2 protein chains.
Amino acid sequence: MARNLSENDLKPVAGGGLLDRRLLLKSGLVLATAQSVSTSVGADEVDPSDPPWQRKTGGPFTTYGTPSPFEKYVIRNIGGNRTPAGDGVSWTPLEDLEGIITPSGLHFERHHDGVPAIDPALHRLVIHGLVRQPLEFTVESLLRYPMQSRFLFIECGGNSNAGWHEEPIQRPVGAFHGLVSCSEWTGVPLAILLNEAGIDAGASWVIAEGADAGLLNVSLPLSKLVDDAMVALYQNGERIRPENGYPLRLIVPGWEGITSVKWLRRLHVTDTPSMTRNETAKYTELLPSGKARMFTFVMDAKSLITSPSPGQKMYGADTYEIRGLAWSGRGRIAKVDVSADGGKSWAEAHLQDPVLPQCFTRFRMPWAWNGKPAVLKSRATDETGYVQPEREVLVKERGRDGYFHYNAIVSWAVDEDGEITHVYA
Amino acid sequence: MARNLSENDLKPVAGGGLLDRRLLLKSGLVLATAQSVSTSVGADEVDPSDPPWQRKTGGPFTTYGTPSPFEKYVIRNIGGNRTPAGDGVSWTPLEDLEGIITPSGLHFERHHDGVPAIDPALHRLVIHGLVRQPLEFTVESLLRYPMQSRFLFIECGGNSNAGWHEEPIQRPVGAFHGLVSCSEWTGVPLAILLNEAGIDAGASWVIAEGADAGLLNVSLPLSKLVDDAMVALYQNGERIRPENGYPLRLIVPGWEGITSVKWLRRLHVTDTPSMTRNETAKYTELLPSGKARMFTFVMDAKSLITSPSPGQKMYGADTYEIRGLAWSGRGRIAKVDVSADGGKSWAEAHLQDPVLPQCFTRFRMPWAWNGKPAVLKSRATDETGYVQPEREVLVKERGRDGYFHYNAIVSWAVDEDGEITHVYA
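Below is a summary of the structure that appears in this document. Predicted model, so just to flag it, every value in this text is computed and none were measured.

On the side of chain B, 115 residues touch chain A, which itself brings 115 residues to the contact. On the chain A side of the interface with chain B, the three residues burying the most area are A:W53, A:F61 and A:R144, jointly 9% of the side's total. When the shortest N-O distance is used, the salt bridge between B:R239 and A:E71 registers 3.9 Å. Summed over the shared surface of chain A and chain B, the number is 36 residue pairs in polar contact (both at pLDDT 80 or more).

What follows is the structure, encoded as C-alpha cells:
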C-alpha cells in the first residue's frame with residue numbers, strides 16, 4: 001500500500017490503525033488510487049477523443065466569479081424555524097470545505113427578521129448613554145479610522161444542539177454542526193470609538209442593537225468590548241455580505257454568535273444589562289442543581305472530524321487522511337487528539353499552520369483502516385488547558401434541559417461496508 | 001484632532017507627518033469625523049423617520065450569498081488584449097479590498113483561450129516521462145491523498161508592466177497592479193504524487209500542461225516542484241473557481257503566475273526544458289548588457305499603498321491611516337518602510353498578523369497630513385534581506401525593453417486639493 005516507508009513508519013501510534021502524524025509531512029504515504037497508464041497518454045497533438053473543452057475556446061472573462069456548475073450542490077442548508085418569516089438558520093456545509101476559510105457565500109446565517117437591504121449612505125451607528133459625548137458615525141466616516149484584520153470563527157450559541165437529543169441525529173456534519181464559520185474580518189477596534197465618545201466612570205455594560213426589523217439587541221460587558229471587539233466593515237477582503245451584517249457588524253471574538261450583532265446601529269453604554277429577550281427567554285439555562293447559567297458568552301473548545309463523516313462512504317481498507325476542524329473561544333488550539341477505537345486510545349493530530357486565536361484550526365491524521373468496524377473521535381485542547389468533554393460528562397454537568405453551548409466530543413461509527421453514522425459512544 | 005494622546009505621541013517619526021506605528025495599537029488616535037448627537041437618538045420605539053429596512057421583515061435566506069447591490073462597482077476590471085477570443089486579463093480591484101484575502105470572485109484572471117467548462121468526473125491528471133511508472137489520477141482519487149493548506153499570493157509575471165512606460169500611467173491601483181491576488185489554497189503536495197510515479201535519476205525538469213484549448217504549458221525545474229508545489233483542489237475553503245483552474249491547479253509558491261498552471265492535466269518529467277512559446281517568445285528579456293534574462297521565476301519583493309491611492313480623494317488636513325500590501329516570492333516580508341516626503345525620510349509601518357511566507361502582508365501607518373503637497377512611497381524588505389528598488393535603479397538594471405517583473409517602489413503624489421496621482425519620483 002505504501003512505498004518508501006519502513007515498517008516502523010507504518011507502526012500504529014494508537015489503536016485502530018492511527019499512524020504518526022509526521023507521515024503527512026514526508027512523501028511516501030501513498031494511497032494506491034492512481035491508475036498506471038501507457039506512456040503514449042498525454043501526447044501533444046489534439047486527439048478526437050480529447051474532452052470537448054480542449055477542442056474550442058472556453059468561456060469569457062467575468063467581472064465577478066462564481067463556483068463551477070458542477071459544485072451546485074455545495075450550498076447552505078436552509079433549516080430551522082422559518083415562522084415567522086425571516087426567522088431561521090442556514091448551515092455551512094462543513095463536509096464540503098477544506099482549509100480554514102469559509103467562503104462568504106457559505107457563511108452560516110441566523111436571522112430573526114430577515115436580511116435588511118441597507119443603503120450604506122443612510123446607515124448610522126450611534127454610541128450614547130453613559131458617555132461624555134454621544135456620537136453618530138456614518139459608514140464613510142468609519143472607513144477613515146485605523147483598522148485591524150483578524151481571522152476569527154463565529155459560532156451560534158445554539159450550534160450542535162441536536163447533540164442533546166436522546167438519540168444521535170443522522171445528518172451530514174454541516175447540517176448538525178454547521179452554525180459555525182470562519183472569516184478574515186477587518187474593521188475599527190471598538191476601543192477607539194468608545195474612547196472618542198468618552199466612557200463615564202460608572203459604565204459597565206453596553207447594549208448593542210442591530211438595524212433589522214426586530215432591532216435585535218444584546219447586553220455585553222464593556223470590558224470585553226474595550227478589550228478586543230471591533231466594528232467590522234470587511235469580510236474575507238471585500239465589504240461584508242448583506243446576510244452577515246452589511247454594512248457594519250460588531251465582532252466579539254470567541255463569544256456566542258448573537259453577540260456579534262449584525263447591521264450594527266447602536267451601542268448604548270449603561271451600568272446594567274438590559275435583560276431583554278436574549279438574556280432571559282434565550283441564552284439562559286437551568287442546571288440540574290436548580291441554578292441557571294446566564295451570560296455564558298464564551299464558546300468552549302470544540303472539534304469535529306469533517307472527513308470521513310456521515311453521508312460520505314469509505315472505499316475499502318486503505319490509508320486515509322482523517323480531516324477536521326477545531327476552535328476555541330478562549331484562544332489558540334493547543335492540540336487535537338484523535339481516536340479510532342472509540343476513545344480507548346488517542347494520538348495527536350497534525351495542526352495546519354497558521355494556528356490563530358479564536359480561529360478555525362485544521363487538523364489532519366493518517367489512518368490505516370483495516371476494513372473492520374471503528375469509532376472515530378476527536379478531542380480539542382486549547383491553550384488555557386481546557387479539554388473538550390465526552391458527551392456523558394457534558395450531559396451530567398448541564399442536565400437534560402440543555403439547548404445552547406453543546407461542545408461534546410463527536411463520535412462517528414464506521415461499519416464493514418464503509419458506511420458512517422453518528423453514535424453516542 | 002486627537003484625544004488622550006500626548007504631544008510626544010503625535011511627534012512625527014519621519015518627514016511629512018508620519019506618526020509612530022504603535023499609535024495604531026493604542027486607542028486615542030482619533031480622526032474627528034463622528035458627529036455629536038442628542039442622546040434622544042436611538043430610542044427603542046420604531047419611528048416613522050426610521051429607514052425602510054427597520055419597518056418590515058427583510059429578505060429571505062439564500063443557499064449561496066452574493067455582495068450587496070450597493071457594492072456592484074467592486075468588480076474585476078476586464079482589460080488587455082482580447083483578440084483572439086479568450087486571450088486577456090481581468091484585474092483585482094485592490095483599492096476596494098482590505099485584509100489579505102482576495103475574494104475568489106475577484107481573483108485576477110489571465111487566460112489565453114478562455115475558461116474551459118471542465119467536468120470533474122471526466123478530467124484526468126497524467127504524470128509521465130522519466131518516471132518508473134506513468135500514472136493517471138482522477139479528481140476523486142486526488143481527494144484521498146494527504147493535503148496541506150497554505151495562504152499564498154499568485155502574481156502574473158507581467159503585473160505592473162505599465163511601470164516601464166515613459167510617462168506614469170493614471171489608473172486606480174487595481175487596474176495598474178491588480179494582476180496579483182491572495183487565497184488559501186488546499187491540495188496535495190506534488191512530492192507525494194511524483195514519489196508515487198517514481199522519478200528517474202536523470203530527471204531535472206517537468207513540463208506542466210493545462211486542459212484549456214491551447215494546452216498552455218510551461219517548463220519547471222523538478223527541484224522546485226518537489227520542494228513546495230501542490231496540486232490544489234480548494235481555494236478559500238471551497239473547490240477552485242472555473243477561471244482559477246477548476247478542478248485542479250498546480251500551485252508553485254512565490255513564482256510568476258503562469259507557473260501555477262490552471263486546469264492541470266499533465267506533468268511530463270524530462271531532463272530539459274521544452275523551450276515552448278512561454279520560455280522563448282515570452283518570459284525572456286533582453287538586458288542592456290546584451291544578455292537575456294530567462295527562467296526568471298521568482299517574484300521579487302513588492303509593496304503598494306492601496307489607500308490613499310489614485311482615484312480616491314483626501315478630505316482635508318487630518319490624521320489618516322495609510323494602508324497597503326506587501327509580498328515576496330522569496331519568503332516572509334520582514335518590514336515595510338513608508339515615506340511621505342518622496343523618499344527623503346522613511347518610517348517603519350505596522351505589519352498586520354499573521355505574516356506568512358509567499359503571502360500578502362497588510363501594512364498600516366498613521367499619517368498626520370498637513371494639507372500640503374506630499375509624495376507617498378512604500379518600500380518592502382523580505383526575510384532574505386532583498387529590498388524593493390527605486391524605479392530608476394530597476395530601469396538602469398533592466399533597460400527599456402522590460403515587460404515582466406516590474407517591482408519598483410510606487411509613488412503617489414497628493415496635492416493641496418487632496419487629489420492623488422501616480423508619479424515617477
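Right, let's get into the sheet that holds strand β21 (residues 350-351) of chain B. Whenever strands of a sheet pair, they do so through backbone hydrogen bonds, lying parallel or antiparallel. Residues and elements named next belong to chain B. Across the sheet, which stays open at both edges, the four strands sit in the order β17-β18-β22-β21 with antiparallel pairing between neighbours. For this open sheet the edge positions go to β17 (302-307) and β21, each flanked by a neighbour on one side alone. With two bridges connecting them, β21 and strand β22 (residues 361-369) associate as antiparallel partners. Paired with H350 across the two strands is R364, which belongs to β22.

Another point: the pairing of strand β11 (residues 230-235) of chain B. Side-chain positions along a regular strand alternate between the two faces of the sheet. All names here are of chain B. Of all six residues in β11, six are buried, a share of seventy percent or more. Direction of pairing for strand β8 (residues 180-189) relative to β11: antiparallel, over a ladder of five bridges. Across the sheet, the residue bridging to G187 is A232, located in β11. Relative to strand β13 (residues 249-251), β11 runs antiparallel, the two being bridged by three bridges.

Taken as a whole and judged by the stated rule, the model has 21 aromatic pairs over all chains. A centroid spacing of 5.2 Å and a plane angle of 45° characterise the contact between A:W327 and A:F360, whose relative ring orientation is tilted. Of this pair, A:W327 sits in strand β18 (residues 318-327) while A:F360 sits in the loop between β21 (350-351) and β22 (361-369), placing them 33 residues apart in sequence. What links up through ring pairs into an aromatic cluster is the set A:Y315, A:Y320, A:W367 and A:W369. The ring of A:Y315 has B:R144 lying over it, and the distance from NZ or CZ to the ring centre is 3.5 Å.

By the secondary structure assignment, A:S68 is in the loop between β1 (35-36) and β2 (77-79). Classification of A:S68 by relative accessible area gives buried; the value is 4%. Sequence-distant contacts of A:S68, that is, excluding residues within four places in its chain, are made with B:P242 and B:Y246. Here A:F70 takes part through its backbone nitrogen, which lies 3.0 Å from a polar atom of the side chain of A:S68.

Let us look at the relation of the copies chain A and chain B. Rotating chain A by 180° about the axis while translating it 0.0 Å along that axis superimposes it on chain B, leaving an RMSD of 0.0 Å. On this basis, the relationship between the two copies can be described by a two-fold rotation axis. The residues that chain A uses at the interface reappear at the interface of chain B in 100% of cases, marking a shared surface.

Let us now look at the environment of B:G187. All names here are of chain B. Positionally, G187 belongs in strand β8. Considered as a pair, G187 and A229 are 42 residues apart in the sequence and their alpha carbons are 9.6 Å apart. Not counting chain neighbours up to four residues away, the residues in contact with G187 comprise P146, M147, Q148, M230, V231, A232 and L233.

This part covers the pattern of salt bridges. Under the definition given, this model contains 40 salt bridges over all chains. In this structure, A:R364 and A:E98 form a salt bridge, with 2.9 Å as the shortest nitrogen-oxygen distance. Taken as a pair, A:R364 in strand β22 and A:E98 in the loop between β3 (88-91) and β4 (109-111) lie far apart in primary sequence, 266 residues in all. Of the two residues examined, A:R364 and A:E98, each falls in the buried class. The shortest N-O distance in the salt bridge between B:E321 and B:R323 comes to 2.6 Å. Assigned by exposure class, B:E321 and B:R323 land together as buried. One network of salt bridges, in which partners are shared, links A:E98, A:E321, A:R323, A:R362 and A:R364.

Definitions and limits used
Residues numbered from 1 in each chain as written. Chains lettered and ligands numbered in written order. Predicted model: local features only at pLDDT ≥ 70, side-chain atom pairs only at ≥ 80, totals over all residues. Heavy atoms only, no water. Contact = heavy atoms within 4.5 Å. Buried area = accessible area lost by both parts, 1.4 Å probe. Salt bridge = Lys/Arg side-chain N within 4 Å of Asp/Glu carboxyl O. Polar contact = N/O pair within 3.5 Å; in protein donor to acceptor, adjacent residues only side chain to side chain. Pairing = 2+ DSSP bridges. Helix = DSSP H or I, 4+ residues; strand = E, 2+ residues; numbered from the N terminus. Buried < 20%, exposed > 50% of the residue type's maximum accessible area, 1.4 Å probe, protein only. Phe/Tyr/Trp six-rings, centres within 6.5 Å; stacked < 30°, edge-to-face > 60°. Lys NZ or Arg CZ within 6 Å of the ring centre and 35° of its normal. Least-squares fit on C-alpha atoms with pLDDT ≥ 70 in both.

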